[in-house]
Amino acid sequence: MRVLYVSTEVHPALKTGGLADVNAALPGALASRGIDVALLLPGFPALMEAATAGGAPVSLGAAFGCPLVNLMPCRLGDLPAWLIDAPALYGRTGNPYVGPDGQDWPDNARRFALLGWVAARFADGGIGDWRPDIVHSHDWHAGLAGAYLRARGGAGPGSVFTVHNLAYQGNFPATTFPDLALPPHFFSMHGLEFHGALSFMKAGLFYADRITTVSPTYAREIQSAEHGFGMEGLLRSRAGALSGILNGVDTSTWDPRRDPALPARFSADALEGKAVCRQALRAEFGLPQAGGPLFGVVSRLTAQKGLDLLLEALPAIAAIDGQGALLGTGERALEAAWQLAAASHPGRVAVRHGYDEALAHRIFGGADIIAVPSRFEPCGLTQMYGLLYGALPLVRRTGGLADTVHEAGRVGAATHTAADAPGNGFVFELPHVTDLSAAIARAGALWRSPTAWQAVRNAGMRAEFGWAHAAGHYADLYRQIRPEA
Ligand code: ADP
Ligand code: GLC
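Residues numbered from 1 in each chain as written. Chains lettered and ligands numbered in written order. Predicted model: local features only at pLDDT ≥ 70, side-chain atom pairs only at ≥ 80, totals over all residues. Heavy atoms only, no water.

1. Considerations on the overall build of the chain
Looking only at helices and strands, the chain has 19 helices and 19 strands in total. Expected size for 485 residues packed as a compact globule is a radius of gyration near 23 Å; at 23 Å, the chain falls within 12% of this value. By its C-alpha atoms, the chain is 65 × 45 × 45 Å across when sized along the principal axes. When each of the 485 residues of the chain is scored for burial, the buried share is 58%. Sequence-distant contacts in the chain: of pairs separated by 6 or more residues, those separated by 24 or more amount to 68%. Split by element, the accessible area of the chain, about 18,400 Å² in all, is 55% carbon and sulfur. Where the 38 positive side-chain charges of the chain centre and where its 42 negative ones centre are 2 Å apart. (Helix = DSSP H or I, 4+ residues; strand = E, 2+ residues; numbered from the N terminus. Rg over C-alpha atoms; globule rule 2.2 N^0.38 Å. Buried < 20%, exposed > 50% of the residue type's maximum accessible area, 1.4 Å probe, protein only. Contact = heavy atoms within 4.5 Å. Areas by Shrake-Rupley, 256 points an atom, 1.4 Å probe, with all protein chains shown as cover. Lys, Arg positive; Asp, Glu negative; His and termini not counted. Charge placed at Lys NZ, Arg CZ, Asp CG, Glu CD.)

Written as structure tokens, this is what we have:
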């Protein structure tokens, strides 16, 4: 079984969010199952630098306004990869999607059309002698792969499209359509037209043989108006082709027993290092000792993540003598609001803006609670990192958060915890300060029973979030589409 894995970012070379963590681990987990996986990625400078060259480039000529596109065979980490060398489109440092002004690059439609178009070129077997059985594309950037495969006609590879976040859709004005070099009838309701515009996300959802998303709960939620971002009708019509496969954790990067970023290492059986990490984190953020738990946040600052709600709930954290340490970057207004909160709650709240991988590890290592109050969350990885690092997650019951975190604080009362899912954190229902504050109060109550807290924490640290399970589900899916491969 040969799988072409089409995406845009891979940790550690290039990362804007959880997608990069997934792409660093899932392909390897698929390869461990005997699947012949090759990555296809845009030749962004950070990826070109990280790759080890591996053979002669294949010239694809001029495409999408780039005078010469070359396909570079290489290796990224342990895996074979192809990077699309198109300097006019990809030769820009920094964030792969937006310019230094924070705005989308104006030629994004052509930049990411090229990615899907190259993926489909593999189907002809004209690139090397490697012809995939399955093209597996991720998020809107790779959304056109299925459209180009369909446009070329004939029997070709099967296609899987994975939605990591339906909120980012890659929608462009209809006037962009001629740039894509697709047959005119593709611009229709039964194609990639979306409310008069064109949508890479819709193309991904419409043309793929199978659609997956990154948790079972999100797979259900996106079929509703609340979480469907306008795609719910299409998703409902394709419900038979849609499934949710929960992400895993890359334990070669996220393991408190051997994490070089931590000031001290620890495990569920040897927790002294956790106290050292907590102490060091307080010192690093200028927070004094306190009687309550230390809340950590590592997040993009966007409306999705609900961190405006957490600001409103700061009185509840103060009420249990808790403290907050936040690392986040994103929307200016949210950064300013957190800055203001830190200034007005000295010794209680401290923030760092920017992107800092090592500090993120130190926060998971030092925190008692990881707060992920997202309005929606396709999967979410930080709640799992928190669990493994002995920081109990406090989350909204949505998407992958609902699938991984179960209430531990409602001792003896009504609980959402299924009989087979022991409590491992704190879960609130509605994206309102009242519900969030009540969850914080439950955390405070459990904190006051150190034995109970430790039991919950230690069980969480022993949880299994490896990628093997998810890789098995993807492999089954590939086999359903191409039983003969
Ligand atoms: P999303 O992809 O929606 O941002 P995830 O929870 O799936 O959410 O993944 C977020 C990833 O990005 C995690 O690896 C997290 O540690 C990391 N991250 C988020 N913000 C920062 C930051 N400011 N500095 C360092 N790492 C961050
Ligand atoms: C997206 C989602 C996040 C998910 C990640 C990896 O960025 O927002 O919930 O964990 O993709 O799949």
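2. Comments concerning the site of ligand 2
His164, Asn247, Glu377, Cys379 and Gly380 are the nearest of the 14 residues found near ligand 2. Between an oxygen atom of ligand 2 and a side-chain N or O atom of Asn165, the distance comes to 3.3 Å. Between ligand 2 and Cys379, the relevant distance is 3.0 Å, taken from an oxygen atom to a main-chain nitrogen or oxygen of the residue. Computed on the free molecule, ligand 2 has an accessible area of 310 Å², of which 92% lies beneath the protein chains in the complex. Shared between two domains, the shell around ligand 2 takes at least three residues from each, and those domains are domain 1 (2-248 + 467-481) and domain 2 (272-461). (Near = heavy atom within 4 Å. Polar contact = N/O pair within 3.5 Å; in protein donor to acceptor, adjacent residues only side chain to side chain. Domains from an automatic or database assignment.)

3. Regarding the sheet that holds strand β11 (residues 197-199)
Reading across the sheet, the three strands line up as β9-β11-β10 and stay open at both edges, with antiparallel pairing between neighbours. Across the chains shown, the open sheet's two edge strands, defined by having one partner strand only, are β9 (171-172) and β10 (193-194). One ladder, built from two bridges, connects β10 with β11; its direction is antiparallel. Bridge pairing in β11 places Glu193 opposite Leu198. On the sheet, helix α6 (residues 200-207) packs against β9, β10 and β11 and is oriented at approximately 60° with respect to β11. (Pairing = 2+ DSSP bridges. Axes fitted to C-alpha atoms, helices over the stretch in contact; angles between N-to-C directions.)

4. Some details on the site of ligand 1
Around ligand 1 sit 21 residues in total, of which Lys15, Gly18, Asp21, Arg300 and Lys305 are the nearest. Between ligand 1 and Asp356, the relevant distance is 3.1 Å, taken from a nitrogen atom to a main-chain nitrogen or oxygen of the residue. If you list the elements that add at least two residues to the shell around ligand 1, you get α1 (18-32), β14 (294-301), β15 (323-330), α14 (357-366) and α15 (382-388). The residue inventory of the shell around ligand 1, partitioned by class, reads seven nonpolar, seven polar and seven charged. (Nonpolar A, V, L, I, M, F, W, Y, C, P; charged D, E, K, R; others polar.)

5. Observations concerning the sheet that holds strand β16 (residues 349-353)
Adjacent strands of a sheet form backbone hydrogen bonds with each other and so pair up, either parallel or antiparallel. Read from one edge of the open sheet, six strands run β16-β15-β14-β17-β18-β19, paired in parallel fashion. What marks the edges here is a single partner per strand, and that holds for β16 and β19 (426-428). Each strand of the sheet is rotated relative to its neighbour by a mean of 15°, with strand direction disregarded. Across five bridges, β15 lies against β16 in parallel orientation. Of the residues in β16, the one forming a bridge with Gly328 is His353. The strands touched by α14 within the sheet are β14, β15, β16 and β17 (369-372), with β14 carrying the most contacts at an inclination of about 150°.

6. Some details on the domain arrangement of the chain
Looking at the chain, the domain boundaries give domain 1 (2-248 + 467-481) and domain 2 (272-461). Just the C-alpha atoms count here: the centres of domain 1 and domain 2 sit 33 Å apart. Taken together, the contacts link 21 residues of domain 1 with 20 residues of domain 2. Summing both sides of the interface, domain 1 and domain 2 together bury roughly 1,500 Å²; the carbon and sulfur share of this comes to 56%. If you sort the residues of domain 1 by the area they bury against domain 2, Lys15, Thr217 and Leu246 come out on top, with a joint share of 24%. In this assembly, domain 1 and domain 2 are joined by nine residue pairs in polar contact (both at pLDDT 80 or more). Elements supplying a minimum of two residues to the side of domain 1 that touches domain 2: α1, α7 (216-221) and α8 (225-228). The biggest single contributor to the side of domain 1 that touches domain 2 is α7, with four residues. (Buried area = accessible area lost by both parts, 1.4 Å probe.)

7. Looking at the pattern of salt bridges
Evaluation of the coordinates by the stated rule reveals 16 salt bridges. For Lys15, the salt bridge goes to Asp21, with nearest N and O atoms at 2.8 Å. Of the residues examined, Lys15 reaches a relative accessible area of 19% and is grouped as buried. Judged by its relative accessible area of 9%, Asp21 falls in the buried class. As a salt-bridge pair, Arg348 and Asp321 come within 3.0 Å of each other at their nearest N and O atoms. Separated by 27 residues along the polypeptide, Arg348 in the loop between α13 (332-344) and β16 and Asp321 in the loop between α12 (314-319) and β15 bring together distant segments of the chain. (Salt bridge = Lys/Arg side-chain N within 4 Å of Asp/Glu carboxyl O.)

8. Quick word on the packing of aromatic side chains
Summed over all chains, the structure comprises 22 aromatic pairs. Plain terms: the ring middles of Trp140 and Phe200 are 5.5 Å apart, the flat faces sit at 80° to each other, and that makes the pair edge-to-face. One end of the pair, Trp140, is in the loop between β7 (134-138) and α5 (145-152); the other, Phe200, is in helix α6, and 60 residues separate them in sequence. The residues Trp140 and Phe200 share a single accessibility class, namely buried. Ring centres 5.4 Å apart and planes at 85° place the aromatic pair Trp254 and Phe364 in the edge-to-face group. Taken together, the positions of Trp254 in the loop between β13 (242-244) and α10 (272-285) and Phe364 in helix α14 put the pair 110 residues apart, joining distant regions of the chain. What makes Phe364 buried here is its relative accessible area of 1%. One aromatic cluster in this structure is built from Tyr97, Phe112, Trp140, Phe172 and Phe200. Sitting above the plane of the Trp105 ring, Arg92 keeps its charged end 4.6 Å from the centroid. (Phe/Tyr/Trp six-rings, centres within 6.5 Å; stacked < 30°, edge-to-face > 60°. Lys NZ or Arg CZ within 6 Å of the ring centre and 35° of its normal.)

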